[in-house]
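# Notes for the structure review
Single-letter residue listing:
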Amino acid sequence: MKITNEILREFKNYLNNKQFSINTIQNYTSDLNNFLNFIKNKNGLGIVSENEITMKEIESYKTLLSETKTPKNSIYYTKQPTISPSTIQTKIIAIKSFLKFLNIIYDTWIDSKKIETKKYTSNYIETITQNEFDIFFKWIGEREKYKINSLRSQLFINIWYTSGLRISEILSLKTQDIEKWEARIIGKWNKPRWVFFTKSSQTLLKEYMYEREQPIPRTWYKEIPTNNVFISHNSWYDYWNIIKKETYCAIIKKYSDEINEQWILDKRITAHCLRHSYATRLLEAGMNIREIQELLGHSDIQTTEHYCHVLQSNLKTKVNEIFE
């Protein structure tokens, strides 16, 4: 059986029916296509057949991945020479899911359970303090060339830090969501939840929307009205469309690298860092773990509990304060 585009579309539908998020589906299909291209290039094939996906090919692909250099757009570019074991595993899991799909739908011969995968977890979570966030917030405001981009980036990280939203959830926000203080969003695994916005987010939104009413810098075009919050202001391309996730990850990485190179901060500031910092502040304020689970949109409370270890650094000091 040939792995045709039709079968790949069926695989996407299969993932969608299992209520995988859009981002997860995109990542799975991208990783699967990379693997199929690996087999094509290695064996000089036009289209890969099901019987050409063997354990030997999968192990060869693992070897290739283990030698793959860390891409420049990765937050780990200067930290590790090759992609991490956890990154490799996520790519292998995509292949495993595809083989499981083939077994279920087409009763193929290869057993996806034979593919060894190990769950990698880290006990370390980068977080930032309020003071560190303020420094980063000011840095972005000073580094952006145009005020409209400066306000957009500051609003973006402010919402990240004060609402705990995932990046894809932030990009889907409408202006009225922030204006009315709260919004009901559909998050990962199609799980609905309420999120809340702060006065600082509302103030920044007003400033940003006022700037959007002015002619766009460089071309002096007028903004096209839209209720989407985070849009492109580049009138040469992608004008007023919602900014892509990869674009904002690259923007945050750029400024995180710059502020570290200047020795102003010694922290990698990422989407996960800001989300973890949000959870940490709630924990330190004494909020119930189940309340935090609801705010973060976690299906399993064990995922939320993973954040608890960030408080361990304060335990020694607190114990010594109590028992002098």
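Residues numbered from 1 in each chain as written. Predicted model: local features only at pLDDT ≥ 70, side-chain atom pairs only at ≥ 80, totals over all residues. Heavy atoms only, no water.

## Here we look at the environment of Gln 130
The condition is simple: Helix and strand definitions here come from DSSP, where helices need a minimum of 4 consecutive H or I residues and strands a minimum of 2 consecutive E residues; each element is numbered from the N-terminal end. Think of it in three bands: residues with accessible area under 20% of the maximum for their type are buried, residues over 50% are exposed, and the middle band is partly exposed, with areas taken using a 1.4 Å probe on protein chains only. Any pair of residues with heavy atoms lying within 4.5 Å of one another is described as a contacting pair. Two N or O atoms form a polar contact when they lie within 3.5 Å of each other; inside protein one atom must be a possible hydrogen donor and the other a possible acceptor, and for residues adjacent in sequence the pair counts only when both atoms belong to side chains.
By secondary structure assignment, the location of Gln 130 is in helix α5 (residues 130–143). With relative accessibility at 31%, the residue Gln 130 sits in the partly exposed group. With 31 residues separating them along the chain, Gln 130 and Tyr 161 place their C-alpha atoms 9.3 Å apart. With residues up to four places along the chain from it excluded, the contact list for Gln 130 reads Tyr 161 and Arg 281. Looking at Gln 130, its side chain comes within polar contact range of the side chain of Arg 281, at 2.4 Å.

## Considerations on helix α3 (residues 55–66)
Applied cut-off: Under the convention used throughout, the expected extent of a helix is 1.5 Å for every residue step, that is, one less than its residue count. Throughout, the arc means that of the directions going from the helix axis to the C-beta atoms.
For α3, which comprises twelve residues, the first-to-last C-alpha distance of 17 Å matches the rise-based estimate of 16 Å (1.5 Å per residue) to within 8%. Listing the buried residues of α3 in full gives Glu 57, Ile 58, Tyr 61, Lys 62 and Leu 65. Down the axis of α3, the buried set is contained in an arc of 145°. They therefore lie on one face. Summarising the contacts, the buried residues of α3 are in contact with α2 (22–43) and α4 (85–106).

## Points about the pairing of strand β1 (residues 182–186)
The test is simple: When DSSP locates at least two bridges between a pair of strands, those strands are taken to pair.
Residues Ala 183 and Ile 185 of β1 are buried on one face, while the alternating residues Glu 182, Arg 184 and Ile 186, pointing to the opposite face, are not. The pairing of β1 with strand β2 (residues 192–196) spans five bridges and is classified as antiparallel. Residue pairing across strands places Ile 186 opposite Pro 192, the latter belonging to β2.

## So, the packing of α2 against α3
As a reminder of what qualifies: Axis lines are fitted to C-alpha atoms, over the contacting stretch for helices. Their N-to-C directions set the angle, which ranges from 0 to 180 degrees. Roughly parallel refers to an angle under 35 degrees, roughly antiparallel to one over 145, roughly perpendicular to one between 65 and 115, and oblique to any angle outside these ranges. Any residue outside Ala, Val, Leu, Ile, Met, Phe, Trp, Tyr, Cys, Pro, Asp, Glu, Lys and Arg is labelled polar, Gly included; the first ten of those are nonpolar and the last four are charged.
The N-to-C vectors of α2 and α3 enclose an angle of 105°; their axes lie 11 Å apart at closest approach. Classified by the interaxial angle, the pair formed by α2 and α3 is roughly perpendicular. Taken together, the residues of α3 that come into contact with α2 (itself represented by Asp 31, Asn 34, Phe 35, Phe 38, Ile 39, Lys 42 and Asn 43) are Glu 57, Ile 58, Ser 60, Tyr 61 and Leu 64. Split into classes, the residues belonging to the contact of α2 with α3 amount to six nonpolar, three polar and three charged.

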